[in-house]
Amino acid sequence: MRIDVLTIFPDMVKPVLGQSIVGRAVYEKKLTIHVIDFREYSPNKHKKVDDTPYGGGAGMVLRVEPVINALRAIDGYEKAHKVIMTPQGKPYAQTDAARLSTHDHLIILCGHYEGFDERIHAYFDEEISIGDYVLTGGEVAALVLIESTVRLIPGILNKDESHQDDSFSDGLLEYPHYTRPREFEGKRVPEVLMSGNHQAIENWRRTEALKRTKTRRPDLYARHQKAQKKHGK
Ligand code: SAM
């Protein structure tokens, strides 16, 4: 996969992309990431990217030319899947990460200030929000999208890092985990996990996943139950 990130704060993005699973994928050449400062594409001699809003009001608006010039300078931009990070976009979920992970080329635009000149939206395929709150800029949101998407590309995670059991992958929160020691300050690891009985462990994990989803996320639980009923389970 190739990912291009359009931002006016490249240093907010670059260091993070060199770390952990994403960093390893880049190192192993399974992933290419370009971080593009669209300020460089401003036709303004002072490289200005924002301006005051028509109609008045507080804050500055990102101008259309630097963004679209930068977009058009990206190799293969026409065919790429182009995403705008905005709190007004579709609420992001694991199913979106799975969907985005199937694209060969993603372009992600990060906003700042009051956001974008509305005409920019016509050049992009979708708008994504990472939650009902407002960040100062789209950089952290773009990193959330990259982190969650890249780990779902086949061949990126190794066997020990499998995402099959992760929360949301089957509509439920994941079961609880334990590691050594067997007991800490009177708190013991559930016996079944040390029993070596794989079927019993699997059953326990399934039950715990259902229990915890029911208490922590009744919305997910209800959806899961409905889907199970539909499939006659
Ligand atoms: N005035 C805008 C509004 O009310 O919708 C908010 C602009 S926000 C201060 C600046 C930029 O941060 C946005 O253009 C977007 O790129 C990014 N951003 C902020 N919150 C976000 C969220 N929840 N999800 C995705 N991007 C977000």
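Residues numbered from 1 in each chain as written. Predicted model: local features only at pLDDT ≥ 70, side-chain atom pairs only at ≥ 80, totals over all residues. Heavy atoms only, no water.

Visitor: Whenever I open this one, the pattern of salt bridges confuses me. Can you help?
Guide: One side chain can pair with another of opposite charge once the charged atoms of both are near each other. Applying the stated criterion across every chain, the model contains 15 salt bridges. Lys 30 is the salt-bridge partner of Glu 28, the closest N and O atoms lying 2.9 Å from each other. Lys 30 gets classed as partly exposed once you look at its relative accessible area, which sits at 37%. Arg 217 is the salt-bridge partner of Asp 219, the closest N and O atoms lying 2.9 Å from each other. Looking at Asp 219, the relative accessible area reads 38%, which means it is partly exposed. The exposure class assigned to Arg 217 is partly exposed, which follows from its relative accessible area of 31%. (Salt bridge = Lys/Arg side-chain N within 4 Å of Asp/Glu carboxyl O. Buried < 20%, exposed > 50% of the residue type's maximum accessible area, 1.4 Å probe, protein only.)

Visitor: Please explain the environment of Lys 90 as it appears in this structure.
Guide: Residue placement: Lys 90 occurs in strand E5 (residues 81–91). Residues Lys 90 and Glu 40 lie 50 residues apart in sequence; the distance between their C-alpha atoms is 29 Å. Discounting chain neighbours no more than four positions away, the residues touching Lys 90 are Asp 96, Glu 127, Ile 128 and Ser 129. (Helix = DSSP H or I, 4+ residues; strand = E, 2+ residues; numbered from the N terminus. Contact = heavy atoms within 4.5 Å.)

Visitor: How should I be thinking about unusual backbone geometry in this particular structure?
Guide: Phi is mostly negative for residues that are not glycine, and the peptide bonds are mostly trans. Following Arg 180, the chain continues to Pro 181 via a peptide bond in cis, the omega torsion being 5 degrees. One non-glycine residue, Tyr 113, adopts positive backbone phi at about 55 degrees. Among the structural elements, Tyr 113 can be located in the loop between strand E6 (105–109) and strand E7 (126–129). Taking the relative accessible area as the measure of exposure, Tyr 113 reaches 37% and is therefore partly exposed.

Visitor: Can you help me understand the packing of helix H1 (residues 10–17) against helix H5 (residues 139–150) in this one?
Guide: When two helices pack together, their arrangement is captured by the angle between the axes and the distance separating the axes. Here H1 crosses H5 at 25 degrees, and the two axes come no closer than 9 Å. The orientation of H1 with respect to H5, classified from their angle, is roughly parallel. Of the two elements, H1 crosses H5, and the hand of that crossing is right-handed. Of the residues in H5, those in contact with Met 12, Val 13, Val 16 and Leu 17 of H1 are Glu 139, Val 140, Leu 143 and Ile 146. Here the contact of H1 with H5 is composed, by residue class, of seven nonpolar, no polar and one charged. (Axes fitted to C-alpha atoms, helices over the stretch in contact; angles between N-to-C directions. Parallel < 35°, antiparallel > 145°, perpendicular 65-115°, else oblique. Left-handed = near helix turned anticlockwise from the far one by under 90°. Nonpolar A, V, L, I, M, F, W, Y, C, P; charged D, E, K, R; others polar.)

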